[in-house]
Amino acid sequence: MKRILLPTGGAVLVTGLLAAGLTGTAQAAPDVSHDPMARNTSEAASVASFWLASNGAALRAATQYTWDSNEVRKVVSKGGADPDGRPGTTAPTGETKSTGRAQNINLPKTVGKVFFVDGAGKFRWCSATSIQSNYRNLVATAGHCVYDTDSNKALMDNWVFVPGYFQGKANWGIYVGKQAFTHYDFDTYEDYDRDYAFVTVYNGILFNGVKQVDRRDYERFTGPKRRWGGRYYILLSKDAGRLGDNVGGQGFAWNQPTGKPVHAFGYPAARHPDGDRPYSGVTPKHCYGKTTAKTVGAPWLKIQEHVGLKCAVTPGYDGGSWLLNYSNSKRLGYVNGVTSTFADQDGNDRVDYITSPYFDGETAAVYNAAKNVWSGKIVGPNGELYK
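Worth saying up front: this structure is predicted, and the values here are computed from it rather than measured.

As for the overall build of the protein
Link 1 in the chain: Summing up its helical and strand segments, the protein has five helices and 26 strands in all.
Link 2 in the chain: Sequence-distant contacts, at least 24 apart, represent 75% of the contacts inside the protein between residues at least 6 apart.

Next comes the structure, spelled out in structure tokens:
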């Protein structure tokens, strides 16, 4: 797997563009791993076509990324995680003024699902969030929702993000992954203390119908290639624009003390270990509470510095954001964790706890590397997907 080491204060050359101004702690910068997903507009168009074909049949066929329920463990005290520097934040983008008071939690449209094909060829999804970046094109999720740790395959295939996903609808379009940024320790050693990822995405795509064309146009355009009785069809799409311009981007926080309240969002769907299935995975859910300096008792995951949150959800919630200082009126906060593992604290065979890697200066280095990288668009002026 190709890795690029990013020197402190330096820059990384990505697809011919110089992404300068990387920041972060000096000791953290060399621990950033970077891997391409859809390398160019042709590959991105193919990924988009895969999910948009037949009116989104593949999206509807996907199931939550899950695990063996027998692996659920109790959370235990491990001494907690320690900051490696001063606390820091990056402000969110989106709503600029209050939308009024609400008794219920307003679900942010930044929250959505990432869809992909795993190493076994199955259509899967996790939870994820649009996060602020210089080019408004960045998604935060769990590392295991980007790299296939089950099959030791490098990257998940056909990776896309659908923000504001609600009951099968993609009102703000789908966004094809371009580049994945993770911590070297997760990429190399599958160390779940670093189970987070930041993925740059191309401009979004909205389905705009199917058009019958002549053979010449058919061969020029990229799209689901179907032929019935000598007729040629292409998939027409509309450029939805940049992710952050459409749904906003949550802020980012690191080296924060534990014990602060957070709102955690995601799409739970899997069964509890006892067989009960309380969630459908169709609509997002949330939990609220204070983080604790506890981690999951699972040595094979190499976890030592996770933080915990009391939350009775199930897988599918993987990769969902933990938002610090969440404003219910503005629907904005600061990503200070992502759901990584699930635990049964009271031993009744039901998940009642979730954990996240502790976001420290090394997490900030990965985020800073990702937030400065441009993506671009993949829909042409006539609605065709670029080759």
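Considerations on the packing of aromatic side chains
Link 1 in the chain: For the structure on display, the rule yields 17 aromatic pairs.
Link 2 in the chain: Ring plane angle 90 degrees and centroid distance 4.9 Å describe the contact between Phe 50 and Trp 51, whose orientation is recorded as edge-to-face.
Link 3 in the chain: The class of Trp 51 is buried, set by a relative accessible area of 0%.
Link 4 in the chain: Aromatic pair Phe 186 and Tyr 192: ring centres 5.5 Å apart, planes at 65 degrees, arrangement edge-to-face. One exposure class covers both Phe 186 and Tyr 192, and it is buried.
Link 5 in the chain: Among the aromatic residues, those joined into a ring-pair cluster are Phe 50, Trp 51, Phe 115, Phe 123, Tyr 165 and Tyr 267.
Link 6 in the chain: Residue placement shows Lys 113 over the ring face of Trp 125; its charged tip is 3.6 Å from the ring centre.

Description of the environment of Leu 155
Link 1 in the chain: Structurally, Leu 155 is set in strand β11 (residues 153–155).
Link 2 in the chain: Here Leu 155 falls in the buried class, since its relative accessible area comes to 11%.
Link 3 in the chain: Leaving out residues up to four positions away in the same chain, Leu 155 has contacts with Asp 35, Pro 36, Met 37, Val 146, Tyr 147 and Ala 180.

A word on the pattern of salt bridges
Link 1 in the chain: Scanning all chains against the criterion turns up seven salt bridges.
Link 2 in the chain: A salt bridge links Arg 242 to Asp 245, with the nearest nitrogen and oxygen atoms 2.7 Å apart.
Link 3 in the chain: Owing to a relative accessible area of 32%, Arg 242 belongs among the partly exposed residues under this scheme.
Link 4 in the chain: A salt bridge links Arg 350 to Asp 276, with the shortest nitrogen-to-oxygen separation between them at 3.1 Å. In this pair, Arg 350 is assigned in the loop between β25 (341–343) and β26 (353–357) and Asp 276 in the loop between β19 (261–266) and β20 (285–290), connecting sequence segments 74 residues apart.
Link 5 in the chain: Bridged by salt links that share partners, the residues Arg 136, Arg 242 and Asp 245 form one connected network.

As for the side chain of Thr 200
Link 1 in the chain: Tracing the sequence through the fold places Thr 200 in strand β14 (residues 197–201).
Link 2 in the chain: Residues contacting Thr 200, with those up to four places away along its chain left out, are Asn 137, Leu 138, Val 176, Gly 177, Lys 178, Gln 179, Phe 181, Ala 370, Val 373 and Ser 375.

A closer look at the confidence of the model for the protein
Link 1 in the chain: In this model, the protein carries a mean pLDDT of 82, and residues with pLDDT of at least 70 account for 77%.
Link 2 in the chain: Segment residues 96–103: pLDDT under 50, and seven contacts once partners within four positions in sequence are set aside and those in other chains are kept.

A word on the state of the cysteines
Link 1 in the chain: Following the criterion strictly, the structure yields two disulfides and no others.
Link 2 in the chain: Paired through a disulfide, Cys 287 and Cys 311 show a sulfur-sulfur distance of 1.9 Å. Across the S-S bond linking Cys 287 and Cys 311, the dihedral sits near 70 degrees, which makes this disulfide right-handed. Of the two residues, Cys 287 sits in strand β20 while Cys 311 sits in the loop between β22 (306–310) and β23 (321–327), which places them 24 residues apart along the sequence. Cys 311 carries the same exposure label as Cys 287, and that label is buried.
Link 3 in the chain: With its bonded cysteines labelled in order along the sequence, the protein shows the pairing 1-2, 3-4.

Thresholds, definitions, all that
- Residues numbered from 1 in each chain as written.
- Predicted model: local features only at pLDDT ≥ 70, side-chain atom pairs only at ≥ 80, totals over all residues.
- Heavy atoms only, no water.
- Helix = DSSP H or I, 4+ residues; strand = E, 2+ residues; numbered from the N terminus.
- Contact = heavy atoms within 4.5 Å.
- Phe/Tyr/Trp six-rings, centres within 6.5 Å; stacked < 30°, edge-to-face > 60°.
- Buried < 20%, exposed > 50% of the residue type's maximum accessible area, 1.4 Å probe, protein only.
- Lys NZ or Arg CZ within 6 Å of the ring centre and 35° of its normal.
- Salt bridge = Lys/Arg side-chain N within 4 Å of Asp/Glu carboxyl O.
- pLDDT = per-residue confidence, 0-100.
- Disulfide = S-S within 2.5 Å.

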